[in-house]
Amino acid sequence: MHAPHQFAFVPGSLPLSKDLSYKVIWTMSEKIEILLNGKREQISTGSSIKSLLKDLGLKEGQVAVEVNRQIIRRDDWPTYSLEPGDSVEIVHFVGGGDRQCQMNW
Amino acid sequence: MSDELVIGSRKFRSRLIVGTGKYASLALMREAIESSGAEMVTVAVRRVDLSDKSQESFLSYIDQDRTTILPNTAGCYTAEEAIRYARLAREAGLSELIKLEVIGDEKTLFPDNEELLKATKVLVKEGFIVLPYTNDDPVVCKKLEDVGAAAVMPLGAPIGSGLGIQNMNNIRIIRETVRVPIIVDAGVGTASDAAIAMELGVDGVLMNTGIAGATDPIKMARAMKLAVEAGRLAYLAGRIPRKLYASASSPLEGVLA
């Protein structure tokens, strides 16, 4: 639904009335859009997987991460930097025996 | 005498494996697992719900010091999907154990044996300890063993049906056909079903709905624990042959004239 250059909400950014053009340039250079668990999300430019997990408040020990369908080993999380348009999947274990959840991805 | 279930290099004193789905609460799940005495529990791999951070506490309800996590590929319909889930599970859990499910039909949840074999082959090559959920078909079980499955998990009846062991002959034939451990997976509705499975000589029983769906899951978990133990003991003890007519237990000598 987003237009590609839509404003992102940036906490602490200048009020709109002051300098709109400045804000647009600033926002575009600081944020990139990725597909995160199937949803479009804005994240900081240069985010590594490690920093993304930290920003999301997830414990590293309990998740696995795929980028564009490739599993990224946890040793590589600090150095793997995310690019605009990357499709990121973060999964974890949930209750399950045989089959109780619907596949949705 | 120790009588352990051996899967790969892991040894288990309990022959009951339980699922962690369908419980009303995580606290109830924890209590039921404890009551079952199970040392291995199955879990599913799913997307983290980023809008609900409370979800991540699931694993904290499982005592990982005494419980082995057995991730499954539940919900997968192709070898490719199942392989993807297995790889993610290994990365998340740092263990090579995988309960492989490749479903072929939505209504019965019967396995797709062709895809199952394909996925088993690939995952065994990648170093996984593969436990495939399969039909109660001795030929398929043998093929799975031949491509390197660490155990076979034939169903007793359709998943969640509670119908018990539908084809005892097949389970017995599977026992004679494969050397790897056999774990009857799915179909157990009550304690006697689990005991019957064990009496047939299988190495273990896996269940979820039979416990989680009971009116009192904690009590049923204990019933299943006892049933699996009883069935195992009865198998080891060697039952008497079935006869059509009576044979008296008391001596005929010394009866009053």
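Residues numbered from 1 in each chain as written. Chains lettered and ligands numbered in written order. Predicted model: local features only at pLDDT ≥ 70, side-chain atom pairs only at ≥ 80, totals over all residues.

Peer 1: Is there a simple way to think about the overall build of chain A in this case?
Peer 2: The number of helices and strands found in chain A is two helices and five strands. Secondary structure elements in chain A, listed N-terminal to C-terminal, are α-β-β-α-β-β-β. Burial status across chain A gives 22% buried among its 105 residues. Residue pairs at least 24 apart in sequence account for 47% of intrachain contacts in chain A once pairs closer than 6 positions are excluded. (Helix = DSSP H or I, 4+ residues; strand = E, 2+ residues; numbered from the N terminus. Buried ≥ 20, exposed ≤ 12 C-beta atoms within 10 Å, placed from the backbone. Contact = placed C-beta atoms within 7 Å.)

Peer 1: What should I look at first to understand the interface of chain A and chain B in this one?
Peer 2: Of the residues lining the interface, 27 residues belong to chain A; the matching set on chain B comes to 35 residues. Among the secondary structure elements, those contributing two or more residues to the side of chain A that touches chain B are β3 (63-67) and β5 (87-95) of chain A. Class assignment of the residues belonging to the side of chain A that touches chain B gives a composition of 13 nonpolar, nine polar and five charged. (Nonpolar A, V, L, I, M, F, W, Y, C, P; charged D, E, K, R; others polar.)

Peer 1: Explanation requested: the environment of Asp136 of chain B in the structure shown.
Peer 2: All names here are of chain B. By secondary structure assignment, the location of Asp136 is in the loop between β7 (129-134) and α4 (138-146). Look at Asp136 and you get buried, because 24 C-beta atoms sit within 10 Å. For the pair Asp136 and Met168, spaced 32 residues apart in sequence, the C-alpha separation works out to 9.2 Å. The residues contacting Asp136, other than those within four sequence positions of it, are Pro154, Leu155, Asn167, Asn170, Ile171 and Ile174.

Peer 1: What exactly am I supposed to notice about the nonpolar core here?
Peer 2: As a rule of thumb, nonpolar side chains are buried together in soluble globular proteins. Residues Ile98, Leu100, Val205 and Met224 of chain B are the most contacted members of the largest nonpolar core, which totals 94 residues. Here Met224 of chain B is in contact with Leu16, Ser36, Ala191, Ala194, Met207, Gly210 and Ile211 of chain B, once residues within four sequence places are set aside. (Core = buried A, V, L, I, M, F, W, Y, C linked by C-beta atoms within 7 Å.)

Peer 1: Honestly, helix α3 (residues 113-125) of chain B in this entry has me stumped. Any pointers?
Peer 2: Along an α-helix, residues three or four positions apart point the same way, because every turn accommodates 3.6 residues. Residues and elements named next belong to chain B. Under the 1.5 Å per step criterion, the end-to-end length of α3 is 18 Å for 13 residues, consistent within 8% with the ideal 18 Å. Along α3, the positions that sit buried rather than exposed are Glu115, Leu116, Leu117, Ala119, Thr120 and Leu123. Buried residues along α3 sit in contact with α2 (79-93), β6 (97-100), β7 and α4. Positive backbone phi, approximately 95°, marks Gly127, located one or two places after α3. (Expected span 1.5 Å × (residues − 1).)

Peer 1: What exactly am I supposed to notice about the environment of Leu226 of chain B here?
Peer 2: Here Leu226 of chain B shows up in helix α8 (residues 217-237). For the pair Leu226 of chain B and Leu16 of chain B, spaced 210 residues apart in sequence, the C-alpha to C-alpha distance is 9.8 Å.

Peer 1: Hey, could you run me through the confidence of the model for chain B in this one?
Peer 2: As a note on interpretation, predicted positions should not be read in detail where pLDDT is low. The pLDDT averaged across chain B works out to 93; a share of 98% of its residues lies at or above 70. The ipTM value of the predicted complex is 0.87, and its pTM value is 0.85. (pLDDT = per-residue confidence, 0-100.)

Peer 1: Would you mind showing me how to read the sheet that holds β6 of chain B here?
Peer 2: In sheet architecture, strand pairing relies on hydrogen bonds along the backbone and comes in two forms, parallel and antiparallel. Residues and elements named next belong to chain B. In space, the three strands of this open sheet follow the order β6-β7-β8, with parallel pairing throughout. Edge positions in the sheet fall to β6 and β8 (153-154), since each has one partner strand and no second. Summarising the sheet, β6 and β7 pair through four bridges and their orientation is parallel. What sits directly across from Leu97, in β7, is Ile129. Across the sheet, α3 is in contact with β6 and β7; its angle to β7 comes to roughly 175°. (Pairing = 2+ DSSP bridges. Axes fitted to C-alpha atoms, helices over the stretch in contact; angles between N-to-C directions.)

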